[in-house]
Amino acid sequence: MSAEATDTLDRPERPPGAADRKREQHGWYFYDFACSVYSTSVLTVFLGPYLTSIAKSAADADGFVHPLGVPVRAGSLFAYAVSASVIFAVILMPIVGAAADRTGRKKPLLAAAAYTGAAATAGMFFLDGHRYLLGAVLLIVANASLSVSMVLYNAYLPQIAGPEERDQVSSRGWAFGYTSGAGVLVLNLILYSGHDGFGLSESTAVRICLASAGVWWGAFTLVPLRRLRDREVAAAGGRAGAPEGRVGAGWRQLISTLRDMRARPLTLAFLLAYLIYNDGVQTVISQASIYGSEELGLDQDTLIVAVLLVQVLAVAGALGMGRLARTYGAKRTILGSLAVWAVILGVGYFLPARQPVLFFVLAGAIGTVLGGSQALSRSLFSHMVPSGKEAEYFSAYEMSDRGLSWLGPLVFGLAYQLTGSYRDAIISLVVFFAVGFVLLARVPVRAAVAAAGNPVPARI
């Protein structure tokens, strides 16, 4: 990286004007464009079935592998690795969020998290033979890095978008991400389906698809790093820029943040609701391919097309639900999406095996509500964040988004381990949407925004 680029990365800059703000918003969209390929191609499509197949090939006669001497059913390894990555992220995210707010230097931290995740993803090219443990480690590193980077990415939203435009800006970010996910998935489908014509084995084609997501992530991260600006942080009691240890300072600031959040119980109530229903969303996303391949007997081509359908419809869904939020408010629109999620899981439980057309219909329904429920949750929370504490509060949000979404995959994995049925595992997720719906319905969001000291939009 050039000296000029490094200087741009490290130096806090003046508050942007209207033109610079638009430039920042467009740069901000591109981080979703960069990292969503990992979520789509790696986490949702290829890695689950591929890592499961590697684990099964290394399993003993009873179907168990033994990482670090612990017996684990091969079919549960992927879900357990996702849960482990979440726990690792929980340790890191509050420290990074507090450090970002203390110093105002989000971009260097964003760069470090993004390129660690991109490197781990690119390293998945080396997953062959019986290297299931390497696959689990790379998944943990990549997933945790993505979670940390999203703390910093989301913390920019209240700085680059005013209260009345955040639903739209947040929805556009998700739309950019789903657009890139769909585009790369088309290329993956061409490579995977025609691997014989390219002179590649099926395993090699999958490993190229996995590694290319890391290359894409790293390459397009350069755009937000060039366009986003760090803000100056006013010194408060000598804290900003203090030469104390970064980790110790981060944990002390985290304690202060938690105390501050206790004074805003309505914000905490929203986070609790979001933690629960988003746990269901994240588990469906990460385990859908396993369910389709192992329980429904669908081949990889069918799964890729289904996920591609999700990506295409998620773009329209994110933008469409953003428009609905302008009419009905973000809270009501999210509640409607949660009801649809519960119906989707119920239908999925009864879905017959080897029926790709029905699976495509279900995928279309998921795509319609996926982007909008996530984008509107992010923008709704941004209204509840006190000014100057964006990264700290979004570290708590990200812990709800990805960081604390360990219970769903754990329950999913345990259900399969105990019953041997992925149908029992998938139906157990309905409770996350039902409980999340009830808790969100009880949150007075207008009062929560006012309690954070922010202007209350006309429609929320």
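What counts and what doesn't
Residues numbered from 1 in each chain as written. Predicted model: local features only at pLDDT ≥ 70, side-chain atom pairs only at ≥ 80, totals over all residues. Heavy atoms only, no water. Helix = DSSP H or I, 4+ residues; strand = E, 2+ residues; numbered from the N terminus. Buried < 20%, exposed > 50% of the residue type's maximum accessible area, 1.4 Å probe, protein only. Contact = heavy atoms within 4.5 Å. Areas by Shrake-Rupley, 256 points an atom, 1.4 Å probe, with all protein chains shown as cover. Expected span 1.5 Å × (residues − 1). Patch = residues over 30% accessible without salt bridge, like charges linked within 9 Å, V, L, I, M, F, W, Y side chains within 5 Å. Salt bridge = Lys/Arg side-chain N within 4 Å of Asp/Glu carboxyl O. Core = buried A, V, L, I, M, F, W, Y, C linked by side-chain atoms within 4.5 Å. Phe/Tyr/Trp six-rings, centres within 6.5 Å; stacked < 30°, edge-to-face > 60°. pLDDT = per-residue confidence, 0-100. Axes fitted to C-alpha atoms, helices over the stretch in contact; angles between N-to-C directions. Parallel < 35°, antiparallel > 145°, perpendicular 65-115°, else oblique. Left-handed = near helix turned anticlockwise from the far one by under 90°. Nonpolar A, V, L, I, M, F, W, Y, C, P; charged D, E, K, R; others polar. 1 Å grid on protein atoms, 1.4 Å probe; cavity = no way out; pocket = protein on both sides within 12 Å on 5 of 7 lines; lining within 4 Å. Points joined across faces, edges and corners; volume = space filled by probe spheres on them. Lys, Arg positive; Asp, Glu negative; His and termini not counted. Charge placed at Lys NZ, Arg CZ, Asp CG, Glu CD. Polar contact = N/O pair within 3.5 Å; in protein donor to acceptor, adjacent residues only side chain to side chain.

1. Some words on the overall build of the protein
Regarding its fold elements, the protein presents 19 helices and two strands. Classification of the 460 residues of the protein by burial places 57% in the buried group. By sequence separation, contacts in the protein at least 24 residues apart represent 84% of the contacts at least 6 residues apart. When the accessible surface of the protein is split by element, carbon and sulfur atoms take 65% of a total near 17,500 Å².

2. Describing helix α5 (residues 132-155)
Every α-helix winds through 3.6 residues per turn, so residues three or four apart in the chain are directed the same way. When the terminal C-alpha atoms of α5 are compared, their 35 Å separation across 24 residues agrees well with the 34 Å that a helix rising 1.5 Å per residue should span. Counting buried residues along α5, 19 of its 24 residues qualify, which places the element largely inside the surrounding structure.

3. Some remarks on a nonpolar patch on the surface
On the surface, a cluster of nonpolar side chains totalling about 380 Å² of accessible area is made up of V186, L187, I190 and F198. Structurally, the position occupied by I190 is in helix α7 (residues 166-193).

4. Describing the nonpolar core
Core analysis: the biggest nonpolar cluster contains 135 residues, and W28, Y38, L47, M124, W217, F270 and W341 have the highest contact counts within it. Among the elements that take part in this core, helix α2 (residues 18-58) stands out by supplying 16 residues, more than any other. Beyond its immediate stretch of four places on either side in the chain, Y38 contacts L43, T121, M124, L139, A142, N143, L146, A213 and W217.

5. Remarks on the environment of I304
By the secondary structure assignment, I304 is in helix α12 (residues 300-328). Along the chain, I304 and T44 lie 260 residues apart, while their C-alpha atoms are 9.3 Å from each other. Excluding residues within four positions of it along the chain, I304 makes contact with V45, F46, L185, L189 and Y192.

6. Some remarks on the packing of aromatic side chains
All told, the structure shown has 19 aromatic pairs when counted by the stated rule. Summarising the aromatic geometry, the rings of Y38 and W217 are spaced 5.5 Å apart at their centres and angled 40 degrees between planes, so their arrangement reads as tilted. On the criterion of sequence distance, the pair formed by Y38 in helix α2 and W217 in helix α8 (residues 202-220) is long-range, its members being 179 residues apart. Taken individually, Y38 and W217 each receive the classification buried, so the pair is uniform in this respect.

7. Quick look at the confidence of the model for the protein
Low-confidence regions, as indicated by low pLDDT, have predicted coordinates that should not be scrutinised in detail. On average, residues of the protein score 84 in pLDDT, and 89% of them reach the 70 mark or higher. Low pLDDT, under 50, characterises residues 1-15; the predicted model gives this stretch 24 contacts beyond four residues in sequence or across chains. The low-confidence segment residues 236-245, where pLDDT is below 50, has eleven contacts with residues more than four positions distant or belonging to other chains.

8. Comments concerning the packing of α2 against α5
Orientation of α2 relative to α5, taken along the N-to-C sense of each, is 160 degrees, at an axis distance of 10 Å. Judged by the inter-axis angle, α2 sits roughly antiparallel to α5. The way α2 lies across α5 gives a crossing that is left-handed. Here the residues of the contact of α2 with α5 sort into 18 nonpolar, four polar and one charged.

9. Structural notes on the packing of helix α3 (residues 77-103) against helix α16 (residues 407-419)
Axis separation between α3 and α16 bottoms out at 8 Å; the angle between their running directions is 155 degrees. In terms of orientation, α3 and α16 fall into the roughly antiparallel class. Seen along the crossing, α3 lies across α16 with a hand that is left-handed. On α16, the residues that touch A79, Y80, V82 and S83 of α3 are P409, L410, G413, L414 and Q417. In terms of residue class, the contact of α3 with α16 is built from six nonpolar, three polar and no charged.

10. Some words on unusual backbone geometry
Positioned with a positive phi, L68 is a non-glycine residue whose angle comes to about 55 degrees. Looking at where L68 falls in the secondary structure, it is placed in the loop between β1 (64-65) and β2 (72-73). Classification of L68 by relative accessible area gives exposed; the value is 81%. Despite not being glycine, R354 has its phi angle at roughly 55 degrees, a positive value. Of note, R354 is situated in the loop between α13 (330-350) and α14 (356-382).

11. Concerning empty space enclosed by the protein
On inspection of all chains with the given rule, the structure shows two cavities of 30 Å³ or more. Here the largest cavity is characterised by a volume of approximately 710 Å³. Forming the walls of the largest cavity are 44 residues, and the residues nearest its centre are T44, V284, I285, S286 and L370. Split into classes, the residues belonging to the lining of the largest cavity amount to 26 nonpolar, 15 polar and three charged. What lines the second largest cavity is G75, S76, F78, A79, Q287, I290, F412, G413, Y416 and Y422. Only α3, α11 (265-295) and α16 provide two or more residues apiece to the lining of the second largest cavity. With three residues, α16 is the largest single contributor of residues to the lining of the second largest cavity.

12. Notes on helix α4 (residues 106-122)
Over its 17 residues, α4 runs 24 Å from end to end, which matches the ideal 24 Å to within 8%, given 1.5 Å per residue. Looking at α4, one finds that the buried residues are K106, K107, L110, A111, A113, A114, G117, A118, A120 and T121.

13. A few points about a positive patch on the surface
Where like charges cluster on the molecular surface, the positive patch consists of K22, R172, R323 and R326. For K22, the position within the fold is in helix α2.

14. A word on the side chain of S145
With respect to the secondary-structure elements, S145 resides in helix α5. With relative accessibility at 9%, the residue S145 sits in the buried group. Among the polar contacts listed, one links the side chain of S145 to the backbone oxygen of V141, at a separation of 2.8 Å.

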